[in-house]
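Structure at a glance
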Amino acid sequence: MQLTDSVGRNINYLRLSVTDRCNMRCFYCMPKEGVASKGHEAILSYEELQLIAETAVGMGIEKIRITGGEPLVRAGIVDFLARLSAIPGLRHLALTTNGLLLADMATELYQAGVQRLNVSLDSLNPETFSKITRGGDLTRVLDGLDAAEKAGFPPPKINCVIMRGVNDAEIMSFAEMTRLRGSSIRFIEYMPVVKDEGWQRYCISGEEILQRIAASYPLEQVDKGPFAGPSRDYRIPGAVGSIGIITAVSGHFCSECNRIRVTSTGQAKGCLFSDEKTDLVPFLRPSDRDKLAEVLRGIVSGKPERHGISCNSYEHKNFLMAQIGG
Ligand code: SAM
Ligand code: SF4
């Protein structure tokens, strides 16, 4: 079964957030203080999240990515993932993490049936890393990457938000990880979600990132796999890993968007940057599978054709990335 939206995009990917809590405070994602986590009762139970996942897969979703906040801080996450991986028809289960707890959890995540990990890593310099994450310990993340491979995972994909004047001097070091470690890197354009005077100074387009790499290495385009999202992927000839750009701000993105999102409080969204969201809680408490499927279908058919943000204009919306899951 294929899920198609009103402009013909095949929607096969659900990003499911399991918590709004996080053990880091990346400055581009969360304000330093004043983020009240939602109360326990507002967060969907694992049973409710599983019902959403099963319903979505029954409608044609083939890939689920678990995200947060930081998904690995939620108690019981491994058992939940094991239940998700057993859903008939689900072809790909992935998880996005900041990697802080990965060294201890990699083996159980692998055994639970997670197929792929994305690890967010914005700097290879301990001081810059600590500044961006407001106190995060780079060593733990690097240990987590090693542990993931030892546990049997393919080299985790590394998500890297590049910000001018913060970490753009490290673009080449990240690109070289695709040769030296076999990691795949995806450079994500900075999105102005946290109110910050003069945020435009951080913006650096995916195109510029590619040009900087191409000044040192030739880049060949890589064919996309079946579950690839809207990244454009390249490879330094001979490198094992690939280099992708996710140009969420500068464009080339919306026409290939294949995803819907559900937050940990049960808000479903067709577009990260749209104000529109639908509360799924009335169809979960008590549960009504048919109605839930109907509402999810409505999210897909109402998915906006494109968002309206650019590096010159953006009206700050009332949301935090950690609440939606990126
Ligand atoms: N805590 C996990 C992590 O950091 O990987 C999962 C949740 S996090 C919200 C998911 C992704 O959103 C991360 O890769 C993060 O870099 C990205 N993200 C958060 N805020 C962003 C922003 N303002 N611009 C671009 N990407 C952002
Ligand atoms: Fe936490 Fe991930 Fe947001 Fe960083 S990007 S604050 S790790 S949710």
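Structure report, in brief.

Definitions and cut-offs
- Residues numbered from 1 in each chain as written.
- Chains lettered and ligands numbered in written order.
- Predicted model: local features only at pLDDT ≥ 70, side-chain atom pairs only at ≥ 80, totals over all residues.
- Heavy atoms only, no water.
- Axes fitted to C-alpha atoms, helices over the stretch in contact; angles between N-to-C directions.
- Helix = DSSP H or I, 4+ residues; strand = E, 2+ residues; numbered from the N terminus.
- Parallel < 35°, antiparallel > 145°, perpendicular 65-115°, else oblique.
- Left-handed = near helix turned anticlockwise from the far one by under 90°.
- Contact = heavy atoms within 4.5 Å.
- Nonpolar A, V, L, I, M, F, W, Y, C, P; charged D, E, K, R; others polar.
- Salt bridge = Lys/Arg side-chain N within 4 Å of Asp/Glu carboxyl O.
- Buried < 20%, exposed > 50% of the residue type's maximum accessible area, 1.4 Å probe, protein only.

1. Regarding the packing of helix H3 (residues 102–112) against helix H5 (residues 138–151)
Where H3 meets H5, the axes come as close as 8 Å, and the angle between the chain directions of the two elements is 25°. When the axes of H3 and H5 are compared, the pair comes out roughly parallel. The two elements H3 and H5 cross, and the hand of that crossing is right-handed. Facing H3, whose interface residues are Leu 102, Ala 103, Ala 106, Thr 107 and Tyr 110, H5 presents Asp 143, Gly 144, Leu 145, Ala 147, Ala 148 and Ala 151. Classifying every residue of the contact of H3 with H5 by side-chain character gives 8 nonpolar, 2 polar and 1 charged.

2. Some words on unusual backbone geometry
With the exception of glycine, the majority of residues adopt a negative phi angle, and the majority of peptide bonds are in the trans configuration. Of note, the amide linkage connecting Arg 285 to Pro 286 takes the cis form, showing an omega dihedral of 0°. Residue placement: Pro 286 occurs in the loop between strand E12 (278–279) and helix H8 (289–301).

3. So, the pattern of salt bridges
Counted according to the given criterion, the structure contains 11 salt bridges. A salt bridge links Glu 54 to Arg 289; the nearest nitrogen and oxygen atoms lie 2.8 Å apart. Residue Glu 54 is found in helix H1 (residues 46–59), and its partner Arg 289 is found in helix H8; the two are separated by 235 residues along the sequence. Among the salt bridges present, the one from Glu 207 reaches Arg 232, with a minimum N-O distance of 3.0 Å. Separated by 25 residues along the polypeptide, Glu 207 in helix H7 (residues 206–214) and Arg 232 in strand E8 (residues 232–235) bring together distant segments of the chain. Given the relative accessible area of 34%, Glu 207 is considered partly exposed.

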